[in-house]
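Observations on the model geometry
Letter by letter, the chains look like this.
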Amino acid sequence: DLAQARQLGGRTQVAVQAAALETYARAARGEPQTAVVPLLRAAEQVQAQLPASAGWPVWTPAHLHAFGGIAAVLCGARALASEWLQLAADEAAGMPSLGVAVDSYRAQGCASAGDWDAARSYALDAVGVACARGAPPAWLKGRVASLARSARGRGGDWSGLRAVAA
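Only a predicted model underlies this, so the values are computations on that prediction, with no experimental measurement involved.

1. Notes on the pattern of salt bridges
Under the definition given, this model contains four salt bridges. The network of salt bridges with shared partners includes E22, R26, R29 and E31.

Put into structure tokens, the structure is as follows:
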């Protein structure tokens, strides 16, 4: 279980990864901010003490901020989500795949706040980068399709995004 992995991981990268996964799982099943945010903050404290790493396949602060950011979106911690996803975007420079994920998470965050124009803009950015690198991955198509369905009649023309997601 992720809580056990987090505890056994101590003050290591494994603990931070387990915490990020645990917070996402908790948020996705509808647990409140009070159950999610303290775990994110604790993971951030551990991450700050880890040595810097560069390049994949390593875990970086950008990964924590991206995956923690979407967990914050899902549990309704909008201010934290915005802060962490901005950090992730800045930190993910040079990691285009993670940047695509961050833009898609930002799109979802904007949509959850009712800012459909911004959601569409971030979704377009994510799809544009993904398409420039080849076909968009299935997870991105699914996220964009979901956003486009929810956006019907809001936030500009989503028809191009619907076509890419089909």
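Next, the rest of the story.
2. Concerning the packing of helix α2 (residues 13-28) against helix α4 (residues 61-75)
Two elements in contact, α2 and α4, have axes separated by 8 Å at closest approach and are oriented at 20°. Classified by the angle between their axes, α2 and α4 sit roughly parallel to one another. In this structure, the crossing between α2 and α4 has a hand that is left-handed. The segment α2 lies against α4, with V16, A20, T23, Y24, A27 and A28 engaging L64, F67, I70, A71, L74 and C75.

3. Some points on the nonpolar core
The tendency in soluble globular proteins is for nonpolar side chains to be buried as a group. Counting residues in hydrophobic clusters, the biggest one holds 31 residues, and the most contacted among them are V16, L64, L80 and L98. Within the residue set of this core, elements represented by two or more residues are α2, α3 (33-49), α4, α5 (78-91) and α6 (96-112). Considering every element that reaches this core, the biggest residue donor is α4, with eight residues. The residues touching L98, leaving out its near neighbours within four places in the chain, are A62, H63, A66, F67 and A92. A107, C110, A126 and A151 belong to the second largest nonpolar core, which has 20 residues in total.

4. Some remarks on the packing of aromatic side chains
Taken as a whole, this structure holds three aromatic pairs when the rule is applied. Ring centres 5.8 Å apart and planes at 35° place the aromatic pair W59 and F67 in the tilted group. Assessed through its relative accessible area of 9%, W59 is described here as buried. Centroid distance W116 to W158: 6.3 Å. Interplanar angle 70°. Geometry classified as edge-to-face. Taken together, the positions of W116 in helix α7 (residues 116-132) and W158 in the loop between α8 (138-150) and α9 (159-165) put the pair 42 residues apart, joining distant regions of the chain.

5. Quick word on the layout of surface pockets
Quantified by volume, the largest pocket comes out at close to 190 Å³. Broken down by secondary-structure element, the contributors of at least two residues to the lining of the largest pocket are α5 and α6. Sorting elements by how many residues they give to the lining of the largest pocket places α5 first, with five residues. For the lining of the largest pocket, the class distribution of residues is six nonpolar, four polar and two charged.

Conventions adopted
Residues numbered from 1 in each chain as written. Predicted model: local features only at pLDDT ≥ 70, side-chain atom pairs only at ≥ 80, totals over all residues. Heavy atoms only, no water. Salt bridge = Lys/Arg side-chain N within 4 Å of Asp/Glu carboxyl O. Axes fitted to C-alpha atoms, helices over the stretch in contact; angles between N-to-C directions. Helix = DSSP H or I, 4+ residues; strand = E, 2+ residues; numbered from the N terminus. Parallel < 35°, antiparallel > 145°, perpendicular 65-115°, else oblique. Left-handed = near helix turned anticlockwise from the far one by under 90°. Contact = heavy atoms within 4.5 Å. Core = buried A, V, L, I, M, F, W, Y, C linked by side-chain atoms within 4.5 Å. Buried < 20%, exposed > 50% of the residue type's maximum accessible area, 1.4 Å probe, protein only. Phe/Tyr/Trp six-rings, centres within 6.5 Å; stacked < 30°, edge-to-face > 60°. 1 Å grid on protein atoms, 1.4 Å probe; cavity = no way out; pocket = protein on both sides within 12 Å on 5 of 7 lines; lining within 4 Å. Points joined across faces, edges and corners; volume = space filled by probe spheres on them. Nonpolar A, V, L, I, M, F, W, Y, C, P; charged D, E, K, R; others polar.

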